[in-house]
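Here's the letter readout for the chains.
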Amino acid sequence: MSPRGHRRNGVVRSYTATGGRATPSRTSLDEATLLIADAKPPLAGLQAQARRVMELCLPGVLSVSEVAHHLRLPGAVTKVIVSGLVDSGHLVARAPFTATADQHDEDFLRRVLHGLQQL
Amino acid sequence: MDSSSSDRRYVPDRARSVKVLVLGPFAVGKTTFVGTVSEIRPMRTEERMTRAGELVDDLGGLRGKVTTTVAMDFGRVTLADDIVLYLFGAPGQPRFHRMVHSLMEGALGGLVLVDTRRIDESFDSIDLLESARLPYTVAVNHFDGAPRYDDAALRDALTMADDRPLVWLDARTRDSAKQGLISLVTDILSRPRPEPAR
């Protein structure tokens, strides 16, 4: 039933559209990407929205979507601000898990399953 | 659960996130599902609809439900001290496909919610996941008074591939709702895995 050879049909990643490496961090940002703040780079010089993102993220880890929600920003705007902060070293982005054929992945998925069963 | 502070709780420092999409037509129970499973009050972000032509064409029947943005509900649940699951509820209708395509990137899989009173409205969501070749489970969110069909009839009506899991659940209770996610992850674990490249 499932059509073959139509993987991600019609979807063009934005880095393809921009010709490659102009904005590398932005394209890797997912709604579920977790953001880990680095307290070392100074906040001085950051624009107001970027500073608000840092103030939210410095106490702990949150996803891109949670940052958007808490700061009442559209998702796309949040990604632009966050990618700037990743480029400047203020934030580290941790991409969500996706399944491949790796044994470690299977272990991880079994732990996901176990966690769901315990809910 | 504490109220106002609970939506600011942070995830464990070492956590890795997992993303699952909850798809289906309006009012099928996506928001309810996300809220039932989520450990935090469900959150919402606004995504702008940028294709003006579609807005003009499609908003006629949706007054009050969508304006110039589409809201995306999401929730979060901690599954281990280093695993957090994010659930994103998104509409499956064609006018939202661009948004859903972007959401499918990086997702582990999808859950398609079905209301047996309007089965056909879930077709689009199934098509989206099929075309992205993303693992998915079909979950009938059974409403009081809605017809019950046997699984074979339902699979036939949904033109579901035989190997796709089908579950019945009640999105209002966690024990029931989580069965959809358990089915999805169990299915992913059971898939034949390609031999590692030598």
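For clarity, every value in this text was computed on a predicted model and none was experimentally measured. (Residues numbered from 1 in each chain as written. Chains lettered and ligands numbered in written order. Predicted model: local features only at pLDDT ≥ 70, side-chain atom pairs only at ≥ 80, totals over all residues.)

## Concerning the overall build of chain B
Thinking step 1. When its secondary structure is counted, chain B shows 6 helices and 7 strands.
Thinking step 2. Along chain B, helices and strands appear, N-terminal first, in the series β-α-β-α-β-β-α-β-α-β-α-β-α.
Thinking step 3. Counting all 198 residues of chain B, 39% fall into the buried class.
Thinking step 4. In chain B, once contacts between residues fewer than 6 apart in sequence are set aside, the share between residues at least 24 apart is 75%. (Helix = DSSP H or I, 4+ residues; strand = E, 2+ residues; numbered from the N terminus. Buried ≥ 20, exposed ≤ 12 C-beta atoms within 10 Å, placed from the backbone. Contact = placed C-beta atoms within 7 Å.)

## Some thoughts on the overall build of chain A
Thinking step 1. Counting secondary structure elements, chain A contains 6 helices and 3 strands.
Thinking step 2. Going residue by residue from the N terminus, the α and β elements of chain A occur as α-α-β-α-β-α-α-β-α.
Thinking step 3. When each of the 119 residues of chain A is scored for burial, the buried share is 29%.
Thinking step 4. Of the contacts made within chain A by residues no fewer than 6 positions apart, 65% connect residues no fewer than 24 positions apart.

## Describing the interface of chain A and chain B
Thinking step 1. Counting from both sides, the interface comprises 41 residues of chain A and, opposite them, 42 residues of chain B.
Thinking step 2. When residues of the side of chain A that touches chain B are traced back to their parent elements, those giving at least two are strand S2 (62-63), helix H4 (64-71), helix H5 (75-87) and helix H6 (103-118) of chain A.
Thinking step 3. When residues of the side of chain A that touches chain B are assigned to their parent elements, the largest contribution, 9 residues, is made by H6 of chain A.
Thinking step 4. Class assignment for the residues of the side of chain A that touches chain B results in 21 nonpolar, 11 polar and 9 charged. (Nonpolar A, V, L, I, M, F, W, Y, C, P; charged D, E, K, R; others polar.)

## Remarks on the packing of helix H3 (residues 48-57) of chain A against H5 of chain A
Residue and element names in this part refer to chain A.
Thinking step 1. Relative to each other, H3 and H5 sit at 75°, their axes nearing to 10 Å. Relative to H5, the element H3 is oriented roughly perpendicular. Across the interface between the two elements, Gln-49, Ala-50, Val-53 and Met-54 of H3 pack against Ile-81, Val-82, Gly-84 and Leu-85 of H5.
Thinking step 2. Its residues assigned to classes, the contact of H3 with H5 comprises 6 nonpolar, 2 polar and no charged. (Axes fitted to C-alpha atoms, helices over the stretch in contact; angles between N-to-C directions. Parallel < 35°, antiparallel > 145°, perpendicular 65-115°, else oblique.)

## Quick word on the nonpolar core
Thinking step 1. Core analysis: the biggest nonpolar cluster contains 69 residues, and Leu-35 of chain A together with Val-20 and Val-112 of chain B have the highest contact counts within it.
Thinking step 2. Counting residues per element, this core draws most heavily on strand S4 (residues 83-91) of chain B, which supplies 7 residues.
Thinking step 3. Leaving out residues up to four positions away in the same chain, Leu-35 of chain A has contacts with Cys-57, Val-61, Leu-62, Val-64, Val-67, Val-82, Leu-91 and Ala-93 of chain A. (Core = buried A, V, L, I, M, F, W, Y, C linked by C-beta atoms within 7 Å.)

## Topic: helix H1 (residues 30-37) of chain B
Thinking step 1. Taken across its 8 residues, H1 of chain B has 6 buried, putting it largely inside the fold.
Thinking step 2. Looking only at H1 of chain B, the buried set comprises Lys-30, Thr-32, Phe-33, Val-34, Thr-36 and Val-37 of chain B.

## As for helix H4 (residues 123-132) of chain B
Residue and element names in this part refer to chain B.
Thinking step 1. When H4 is considered as a whole, its buried residues turn out to be Asp-124, Ser-125, Ile-126, Leu-128, Leu-129 and Ala-132.
Thinking step 2. Those residues of H4 hidden inside the fold are in contact with strand S1 (16-24), helix H3 (97-104), strand S5 (109-114), strand S6 (136-141) and helix H5 (151-158).
Thinking step 3. Note on H4: the residue one or two positions beyond its end, Arg-133, has a positive phi of about 55°.

## Focus: the sheet that holds strand S1 (residues 34-37) of chain A
Residue and element names in this part refer to chain A.
Thinking step 1. Spatial strand order, S2-S1-S3: 3 strands in an open sheet with antiparallel pairing. Edge strands, defined here as strands with exactly one partner in the open sheet, are S2 and strand S3 (91-94).
Thinking step 2. The pairing of S1 with S3 spans 4 bridges and is antiparallel. By the bridge assignment for S3, Ile-36 is matched with Val-92. (Pairing = 2+ DSSP bridges.)

## Some words on the environment of Leu-23 of chain B
Residues and elements named next belong to chain B.
Thinking step 1. Along the chain, Leu-23 turns up in strand S1.
Thinking step 2. C-beta crowding within 10 Å serves as the criterion here: with 27 such atoms nearby, Leu-23 is assigned to the buried category.
Thinking step 3. Residues Leu-23 and Val-100, spaced 77 residues apart in sequence, show a C-alpha to C-alpha distance of 8.9 Å.
Thinking step 4. If sequence neighbours within four positions are ignored, Leu-23 has contacts with Ala-90, Gly-92, Val-100, Gly-110, Val-112, Ser-125 and Leu-128.

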